[in-house]
Amino acid sequence: MDRILISACLLGHAVRYDGKGKLLVHPAIDRWREEGRLVTICPEMAGGMAVPRPPAEIENGLTGEDVLDGKARVIEVTGGDVTAEFVAGAERALAFASNNGCTVALLIDGSPSCGSGLIYDGSFAGIKHAGRGVTAALFRRSGIDVFSHHDIDALAERLRK
């Protein structure tokens, strides 16, 4: 049975930069929880970041792949460079997923860590563009299929096969 790494915020945990959760309500979540398939982590907290914390984005419209390749940084709205924390959190999340037998991940979209389809462009103007966050990019490189919270039905269908 596939185990699913899930962003802690999607289960309502108050781990987001603003000190809130973003509870995802869906019958599949309830079923997977009952089956013991969910493995929960917040990559940003795993990287040592506090709650709450300043919003952060990947600079210059770049992506998590660029961060992993050393071509981009993750910058807070205050100007602080938190690249090392994001990379460390992604690496810890990957180790945690591997140690727990996770073959798929359900991550919150838009996040500079977990975004799997859209992330913010680094301008802090609320503009999103296509791309993956640092954790989502590392998971993909490592063979873990990543689904956003918008794609939960597709994940449920994949797990039925």
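Up top is the structure these notes are about.
The rules behind each value
Residues numbered from 1 in each chain as written. Predicted model: local features only at pLDDT ≥ 70, side-chain atom pairs only at ≥ 80, totals over all residues. Heavy atoms only, no water. Helix = DSSP H or I, 4+ residues; strand = E, 2+ residues; numbered from the N terminus. Rg over C-alpha atoms; globule rule 2.2 N^0.38 Å. Buried < 20%, exposed > 50% of the residue type's maximum accessible area, 1.4 Å probe, protein only. Contact = heavy atoms within 4.5 Å. Lys, Arg positive; Asp, Glu negative; His and termini not counted. Charge placed at Lys NZ, Arg CZ, Asp CG, Glu CD. Pairing = 2+ DSSP bridges. Right-handed = clockwise from strand over helix to strand, strands pointing away. Expected span 1.5 Å × (residues − 1). Core = buried A, V, L, I, M, F, W, Y, C linked by side-chain atoms within 4.5 Å. Axes fitted to C-alpha atoms, helices over the stretch in contact; angles between N-to-C directions.

> Go over the overall build of the protein chain with me, naming the residues and quoting the values.
Helix and strand content of the protein chain: 6 helices and 8 strands. Along the protein chain, helices and strands appear, N-terminal first, in the series β-α-β-α-β-α-β-α-β-β-β-α-β-α. Relative to the 2.2 N^0.38 estimate, which gives 15 Å for 161 residues, the radius of gyration of the protein chain is 15 Å and therefore close to what a compact globule would have. With the principal axes as the frame, the protein chain shows a C-alpha extent of 45 × 30 × 25 Å. The burial tally for the protein chain puts 50% of its 161 residues in the buried class. Taking as baseline every contact in the protein chain between residues at least 6 positions apart, the subset at least 24 positions apart corresponds to 65%. Across the protein chain, the centroid of the 18 positively charged side chains sits 4 Å from that of the 21 negatively charged ones.

> Requested: an account of the pairing of strand β1 (residues 3-7), with residues and values cited.
Taking burial as the measure, the 5 residues of β1 include 4 buried ones, the bulk of the element. For β1 and strand β5 (residues 102-107), the ladder comprises 4 bridges, and the chain directions are parallel. When the bridges of β5 are listed, Leu5 appears paired with Ala105. Bridge count between β1 and strand β2 (residues 38-41): 4 bridges; the pairing is parallel. From the neighbouring strand, Ser7 faces β2, where its bridge partner is Ile41. Following the backbone out of β1, through helix α1 (residues 27-34) and into the adjacent parallel β2, one traces a crossover that is right-handed.

> How would you summarise the environment of Asp30 if you had to cite specific residues and measurements?
Take Asp30: it is sitting in helix α1. In sequence terms Asp30 and Asn100 are 70 residues apart; their C-alpha atoms lie 19 Å from each other.

> For helix α4 (residues 83-99), give the residues involved together with the corresponding values.
For α4, with 17 residues, the first-to-last C-alpha span of 24 Å sits near the 24 Å given by 1.5 Å per residue. Listed as buried for α4 are Thr83, Phe86, Ala88, Gly89, Ala90, Ala93, Leu94 and Ala97. Of the residues flanking the end of α4, it is Gly101, one or two places downstream, whose phi is positive at about 70 degrees.

> Residues and numbers for the environment of Glu76, please.
The topology assignment puts Glu76 in strand β4 (residues 74-76). As for Glu76 and His129, which are separated by 53 residues in sequence, their C-alpha atoms are 18 Å apart. Excluding residues within four positions of it along the chain, Glu76 makes contact with Met49, Pro54, Pro55, Ala56, Val82 and Phe124.

> Explain unusual backbone geometry residue by residue, including any values.
In most cases, non-glycine residues show a negative phi, while peptide bonds are predominantly trans. Between Val51 and the following residue, Pro52, the backbone shows a cis peptide bond with an omega angle of -10 degrees. At Asn60, a position not held by glycine, the phi torsion is positive, near 55 degrees. Here Phe124, not a glycine, exhibits a phi torsion of approximately 60 degrees, which is positive. Mapped onto the secondary structure, Phe124 falls in the loop between β6 (118-120) and β7 (128-130). Overall, Phe124 belongs to the partly exposed group, its relative accessible area being 28%.

> Can you break down the nonpolar core residue by residue, with the values?
One finds Ile29, Trp32, Leu106 and Phe139 to be the most contacted residues of the largest nonpolar core, which totals 47 residues. Not counting residues up to four positions away in its chain, the partners in contact with Ile29 are Ile6, Leu11, Leu24, Leu38, Leu106 and Ile152.

> Could you give an account of the sheet that holds strand β8 (residues 145-148), naming the residues involved and the relevant values?
Here 4 strands make up an open sheet; going across it, the order is β2-β1-β5-β8 and the pairing parallel. Each having just a single partner strand, β2 and β8 make up the two edges of the open sheet. Neighbouring strand axes in the sheet, compared pairwise and without regard to direction, differ in orientation by 25 degrees on average. Pairing analysis gives 4 bridges linking β5 to β8, with the strands arranged parallel. Bridging across to β8, Val104 finds its partner in Asp145.

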